[in-house]
Amino acid sequence: MNTPMRITAFAAVLAAAFGTAYGVGGVADPIRTTVEPAAHAGHDRAEASGEGEPDQRADEDGSAPPGGLQISEGGYSLDLETRSVPAAKKSEIRFAVRDSAGRKVTDYRREHGKELHLILASRDTATYRHLHPTRDSGGTWSLDAELPAAGDYRLFADFTPAAKGASDLTLGADLAVSGRYRPASPPSVSKVAEVDGYKVALEGGMRPGVSGRLDLTVTKDGRPVTDLQPYLEAYGHLVALRSGDMAYLHVHPNGAPGDGKTKPGPTVSFTATAPSGGSYRLFLDFKHQGKVRTASFTVDAGETSKAPAGSSTAEAFGEHQH
C-alpha cells in the first residue's frame, strides 16, 4: 500500500472510532461558532403599566442585542474550570468570573436576591436548569448538578460586578456532558404547558426589534392560581433562548410583589424584545405551595396571536433545582 492510501485508511478508522459515542475520555476546549458579534442584552427592565401594548424600539438597528454568545465582554471573562461532566450523575461544576487583570471577581451587586444567576441548557433545549451556585472567598463559584442526557450544553452566568460603572452581563461557555448521545426532536410551536398538575397558557408573542407583552396564566385543576408566592423577589422569571445559537434573553415581570398593584396571579406579565426573527424556547419559573416549577414553550418571533384552543402541550420540567 503506498503512502497516500495508508493515510486515507488511517483517517477512516479514526473517524469511525470517534463516531460511536459522545464525549468519551478527555474533552478538549470546545469549538465555538459565533453567528454575529453581540453586546449583552442585559435584563429587560422595562416597566409596563399593564394598559395597552408597549411598542418601543430596543436598538437603533431595530434589534435587541442578545447575551450569552460571548465568553468575554466589558472587561470580564467567564473562566469555566469544569469542561465536562458525565450524564445522569451528580457532579461538581466550578467556574469563576475574572476581570481585565485576570483577578477573580469577589464583589457583586445582588440582583433579585442573588449575586449570580446560572442557567444550564442543552443545545437541543430538552434540558433546562436555573441554578444558584455558591461562591468561596477566593471568587470560585461551585454547585452540584445532575444533567440527564449526553450532549452539548451552554452555561450562562448572569451577574453585575460591583465595580463602579460596571453593567449587567451575561457570559456564556460550552459544557460537554459525556455518555451515549441521542438527539432530541426539535420542539414544535406550543403556547400551553403542563407541569405537576398545573397548566400555564401563554398569550402574546415576540417581535424582532419591537418590545411586546407576554402574559402567562397559571391554573390548577381548571381553577386560576391567585396565590403565587414570591420567588427571587418576583412572581415569575422568564428566560428565552434563540434556537440555533442559544442567544439569551432574561426578562422580568411587569410589577413586583408588594408594589400595591401587582396581583399574585393567575397572570404574570412580561415585556420582551426578540433580538431577531426565528424560533425561541421560553422557560417560566413560578412558585406555588412552597415549590418552584418550570414550564416551557416554543414561539416564533413575529407571532402575536393568542394561543388557540387545544394547542399542543409543551414538555414540562420537574422541580426547580438550586
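Refer to the preceding data block for the structure.
Let me begin by describing the structure that accompanies this report. Quick caveat: nothing in here was measured; it's all calculated off a predicted structure. (Residues numbered from 1 in each chain as written. Predicted model: local features only at pLDDT ≥ 70, side-chain atom pairs only at ≥ 80, totals over all residues. Heavy atoms only, no water.)

What to know about the overall build of the chain
Thought 1: For the chain, the helix and strand inventory stands at one helix and 22 strands.
Thought 2: Burial analysis of the chain (322 residues in total) assigns 46% to the buried set.
Thought 3: Partitioning the contacts of the chain with sequence separation of at least 6, the portion at a separation of at least 24 is 70%.
Thought 4: Within the structure as shown, the chain displays about 15300 Å² of accessible surface, and the carbon and sulfur contribution to it stands at 50%. (Helix = DSSP H or I, 4+ residues; strand = E, 2+ residues; numbered from the N terminus. Buried < 20%, exposed > 50% of the residue type's maximum accessible area, 1.4 Å probe, protein only. Contact = heavy atoms within 4.5 Å. Areas by Shrake-Rupley, 256 points an atom, 1.4 Å probe, with all protein chains shown as cover.)

A word on the pairing of strand β6 (residues 116–122)
Thought 1: Counting buried residues in β6 gives seven out of seven residues, a clear majority hidden from the surface.
Thought 2: The alternating pattern of β6 places Leu116, Leu118, Leu120 and Ser122 and His117, Ile119 and Ala121 on opposite faces, both of which are buried.
Thought 3: Where β6 folds back on strand β7 (residues 128–131), the antiparallel hairpin that results is connected by five residues, among which threonine 125 adopts a positive phi of roughly 60°. (Pairing = 2+ DSSP bridges.)

Details of the sheet that holds strand β8 (residues 134–135)
Thought 1: The strand order β2-β3-β5-β9-β8 describes an open sheet built from five strands, whose pairing is antiparallel. A strand with exactly one partner marks an edge of an open sheet, and here the two such strands are β2 (72–73) and β8.
Thought 2: Note that strand β5 (residues 91–98) and strand β9 (residues 140–145) share six bridges and pair antiparallel. Bridging across to β9, alanine 96 finds its partner in threonine 140.

Points about the sheet that holds strand β11 (residues 169–178)
Within a sheet, adjacent strands bond to each other through the backbone by hydrogen bonds, running parallel or antiparallel.
Thought 1: The strand order across the open sheet formed by five strands is β4-β11-β10-β6-β7, and the pairing between neighbours is mixed. Bordering the open sheet on either side are β4 (84–86) and β7, each of which pairs with just one other strand. Across this sheet, the average inter-strand angle for adjacent strands is 25°, counted without regard to direction.
Thought 2: Pairing analysis gives seven bridges linking β6 to strand β10 (residues 151–159), with the strands arranged antiparallel. (Axes fitted to C-alpha atoms, helices over the stretch in contact; angles between N-to-C directions.)

Observations concerning unusual backbone geometry
Thought 1: With an omega dihedral of 5°, the bond running from glycine 265 to proline 266 counts as a cis peptide bond.
Thought 2: The backbone of histidine 112 shows a phi angle near 50°, a positive value even though the residue is not glycine.
Thought 3: Along the chain, the position of histidine 112 falls in the loop between β5 and β6.
Thought 4: A residue is classified by how much of its surface remains accessible, and histidine 112, at 16% relative accessible area, is buried.
Thought 5: In this structure, aspartate 196 is a non-glycine residue whose phi angle is positive, near 55°.
Thought 6: Judged by its relative accessible area of 38%, aspartate 196 falls in the partly exposed class.

A word on the packing of aromatic side chains
Thought 1: Taken as a whole, this structure holds six aromatic pairs when the rule is applied.
Thought 2: Arranged with centres 5.5 Å apart and planes meeting at 75°, the rings of tyrosine 108 and tryptophan 141 form a pair that is edge-to-face. Placement of the pair is tyrosine 108 in the loop between β5 and β6 and tryptophan 141 in strand β9, with a sequence separation of 33 residues.
Thought 3: Owing to a relative accessible area of 3%, tryptophan 141 belongs among the buried residues under this scheme. (Phe/Tyr/Trp six-rings, centres within 6.5 Å; stacked < 30°, edge-to-face > 60°.)

What to know about the pattern of salt bridges
Thought 1: Summed over all chains, the structure comprises 13 salt bridges.
Thought 2: Glutamate 81 is the salt-bridge partner of arginine 94, the closest N and O atoms lying 3.5 Å from each other. With arginine 94 in strand β5 and glutamate 81 in the loop between β3 (76–80) and β4, the pair connects residues that are 13 residues apart, well separated along the chain.
Thought 3: Using a relative accessible area of 35% as the deciding quantity, one classes glutamate 81 as partly exposed.
Thought 4: Between glutamate 115 and arginine 135 there is a salt bridge whose closest N-O contact spans 3.1 Å. Residue glutamate 115 is located in the loop between β5 and β6, and its partner arginine 135 is located in strand β8; the two are separated by 20 residues in the primary sequence. (Salt bridge = Lys/Arg side-chain N within 4 Å of Asp/Glu carboxyl O.)

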